[in-house]
Amino acid sequence: MSNEEMTSVWDRFKYGISKEEMFPDQAPIITEVVDSMRQLPIVGITQKEGGTQLKLIIEYEDGGQALFKPMRFPRTQETLPNHFYFTDYERHNAEVAAFHLDQLLGFRRAVPVTGRILNITRDIYSLAEGDLLKTFFISPAGNLCFHGKCSYYCDTSHAICGNPDMLEGSFAAFLPAKSVAPRKTWRHPWRRSYHKRRKAKWENDPDYCEVVKDVYPYNKGRRLLDVMDLSIFDFLMGNMDRHHYETFKLFGNDTFPVHLDHGRAFGRSSHDEMSILAPLYQCCVIRHSTTAMLLSYHSGPVLLSAALNRSLSSDPIKPVLTNQHLEAVDRRVGLVLQVVRECLDTAEMAENVVFIRDDLYSNVKPDQPVDDGHYFRREK
């Protein structure tokens, strides 16, 4: 598509995605996409099929679309102590915060996300049809509510309610249609078991990284280093729910993993789940650029919490995170750097841990297996 044909904000974002990143640093188009999701009138709503919790596909008057996750609970309500990571509620504000954090870390691998406050009556109820419309009701408190249909928490006792009919939510921009830009889905090598009792192989094998490093594309170049970035990103947010990731097929294997779906992040501000960093402490490899970024936030003058809070202050649903979650981000930066220091202490050479360039990492050997996206499947 030529530049002349890319008239919409949405097309300019989608066709601006490159092999290296979702969008360039300080890209004006991202501001345009975010402003459009915040301001454009909504003309259509459908429930997204699949998934464990309610999500709506929003259609704007100019033909653009966004994925809407509604607010369920106040910011102060954290993950329930007896809930597993795979049954935790999704939080709309976590999606917003993750997008901003991804940019501040210099990754730019997440889709644009913003908060927005809707009028349920005007923006959802008046546009709802079929099965979704049937789930609307007025609560005993006089608030307009709905619950849709999904695997978890789509019933009257877990309904989404306005106050009385105003509702917060996160809006995520759509990626290019898969018919235009097909994506490959990869089972994450450090995927959790998603089982009440069973543990994943990596949880019982401290040398598990040797298995991963022996498999293409984790045996050379950027992919393993991307997984390290992703584990650090997830750790800073407390996100345990990372079972797969996607890449754009057009760019082959030497491209970034898309950072998607962070609704279960920022759930427990007082707990640092070190197992999220298993890729880092088992492999002991990290990009120099990622290390430098973390060190700059750790030593100041601007802490990551302050940078994140300032970035989030422009969002319509501010304050996006509680102070406790912001403080946790700073604490976790220190913990990541502690793991890196421990890796350096045990390494023969610092160059074996911290990589200035992606192409300097190589573990290529004859006859190594190839991951087709399902190599690291769950064991029976």
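Refer to the structure printed above.
Residues numbered from 1 in each chain as written. Predicted model: local features only at pLDDT ≥ 70, side-chain atom pairs only at ≥ 80, totals over all residues. Heavy atoms only, no water.

### Points about the state of the cysteines
Basically, it comes down to this: In plain terms, two cysteine sulfur atoms within 2.5 Å form what is called a disulfide here.
Scanning the model with the defined rule gives four disulfides in all. The disulfide partner of Cys150 is Cys154, and the gap between their sulfur atoms is 1.9 Å. Classification of the bridge connecting Cys150 and Cys154 rests on its S-S torsion, roughly 100°, and on that basis the disulfide is right-handed. In this model, Cys209 is linked to Cys283 through a disulfide, with the two sulfur atoms separated by 1.9 Å. Where Cys209 bonds to Cys283 through sulfur, the torsion about that S-S bond is close to 105°, and the disulfide is right-handed.

### Re the nonpolar core
Cut-off, in case you're wondering: To define a nonpolar core, start from buried Ala, Val, Leu, Ile, Met, Phe, Trp, Tyr and Cys residues and group those joined through side-chain atoms within 4.5 Å. Burial here depends on accessible area, computed with a 1.4 Å probe over protein chains only, as a share of the maximum for the residue type. Under 20% is buried, over 50% is exposed, and the range in between is partly exposed. Helix and strand labels come from DSSP, where a helix needs a run of H or I of at least four residues and a strand needs a run of E of at least two; each type is numbered from the N terminus. Contacts: residue pairs with any heavy atoms within 4.5 Å of one another.
Membership of the largest hydrophobic core comes to 108 residues, with the highest contact counts inside it found for Ile124, Phe146 and Trp190. The greatest single-element share of this core, amounting to ten residues, is contributed by helix H8 (residues 223–237). Not counting residues up to four positions away in its chain, the partners in contact with Phe146 are Leu54, Leu56, Ile120, Ile124, Leu132, Thr135, Phe136, Phe137, Ala159, Ile160 and Leu167.

### Points about the pairing of strand S8 (residues 166–173)
Stated formally: Only strands joined by at least two bridges in the DSSP assignment are considered to pair.
S8 sits mainly inside the fold: seven of its eight residues count as buried. As defined by bridge partners, strand S3 (residues 65–70) adjoins S8 across five bridges and the pair is classed as antiparallel. Following the sheet pairing, Lys69 is matched in S8 by Ser170. Pairing of strand S4 (residues 113–119) with S8 involves seven bridges; the strand directions are antiparallel. Bridge pairing in S8 places Arg116 opposite Gly169.

### Observations concerning the pairing of strand S2 (residues 56–60)
Where burial is concerned, most of S2 is hidden: four out of the five residues are buried. Both strand S1 (residues 42–47) and S2 contribute to a ladder of five bridges, which runs antiparallel. The residue of S2 that forms the bridge with Ile45 is Ile58. Note: S2 against S3, four bridges, orientation antiparallel. The partner of Glu59 across the bridge, within S3, is Gln65. Between S2 and S3, which follow one another and run antiparallel, lie four residues, and Gly63 among them has a positive phi close to 95°.

### Describing the packing of helix H10 (residues 288–299) against helix H12 (residues 323–346)
Applied cut-off: Only the contacting stretch of a helix is used when fitting its axis, a line to C-alpha atoms as for every element, and angles between N-to-C directions run 0 to 180 degrees. Our angle categories are set so that under 35 degrees counts as roughly parallel, over 145 as roughly antiparallel, 65 to 115 as roughly perpendicular, and the remainder as oblique. By definition, any crossing whose near helix is turned counterclockwise from its far helix by less than a right angle is left-handed, and any crossing with a clockwise turn is right-handed. Three classes are used, and their members are as follows: Ala, Val, Leu, Ile, Met, Phe, Trp, Tyr, Cys and Pro are nonpolar, Asp, Glu, Lys and Arg are charged, and the others, Gly among them, are polar.
Running from N to C, H10 and H12 cross one another at 135°; their axes reach a closest spacing of 10 Å. The angle between the axes of H10 and H12 places the two elements in the oblique class. Crossing handedness for the pair H10 and H12: left-handed. In this structure, H10 contributes Thr291, Leu294, Leu295 and His298 to the contact, and H12 contributes Val333, Gly334, Val336 and Leu337. For the contact of H10 with H12, the per-class residue count stands at five nonpolar, three polar and no charged.

### Quick look at the packing of aromatic side chains
Definition in use: Side-chain rings of Phe, Tyr and Trp, where Trp is taken by its six-membered ring, are said to pair if the distance between their centres is within 6.5 Å; with planes under 30 degrees apart they count as stacked, over 60 as edge-to-face, and otherwise as tilted. Over a ring means this: the NZ of a Lys or the CZ of an Arg is within 6 Å of the ring centre and within 35 degrees of the ring normal.
Inspection of every chain in the model, using the stated rule, returns 15 aromatic pairs. Ring centres of Phe248 and Phe256 lie 6.3 Å apart, and the angle between their planes is 65°; on these two criteria the pair is classed as edge-to-face. When sorted by exposure, Phe248 lands in the same class as Phe256, which is buried. An aromatic cluster of at least three residues, connected via ring pairs, comprises Phe73, Tyr89 and Tyr153. When the ring centre of Trp186 is taken as reference, the NZ or CZ atom of Lys184 above it lies at 5.0 Å. Above the face of the Trp186 ring, Arg223 is positioned so that its terminal group lies 4.4 Å from the ring centre.

### Here's the deal with unusual backbone geometry
Comment: phi is negative for the bulk of residues other than glycine, and the bulk of peptide bonds are trans. Cis geometry is found at the peptide bond from Asn163 to Pro164, where omega equals -10°. One can find Pro164 in the loop between strand S7 (160–161) and S8. Cis geometry marks the peptide bond from Lys318 to Pro319, where omega comes out at -5°. Along the polypeptide, Pro319 turns up in the loop between helix H11 (304–312) and H12. One non-glycine residue with positive phi stands out, namely Asp261, at about 65°. Its identity as a non-glycine residue notwithstanding, Cys284 has a phi of 55°, on the positive side.

### Things to note about the sheet that holds S2
The strands making up a sheet are joined through hydrogen bonds of the backbone, oriented either antiparallel or parallel. Spatially, the five strands line up as an open sheet ordered S1-S2-S3-S8-S4, and their pairing is antiparallel. Where the open sheet ends on each side, the last strands, each with one partner, are S1 and S4. Neighbour-to-neighbour, the strand axes of the sheet open up by a mean angle of 35°, direction not taken into account. On the sheet, helix H2 (residues 28–39) packs against S2, S3, S4 and S8 and is oriented at approximately 15° with respect to S4.

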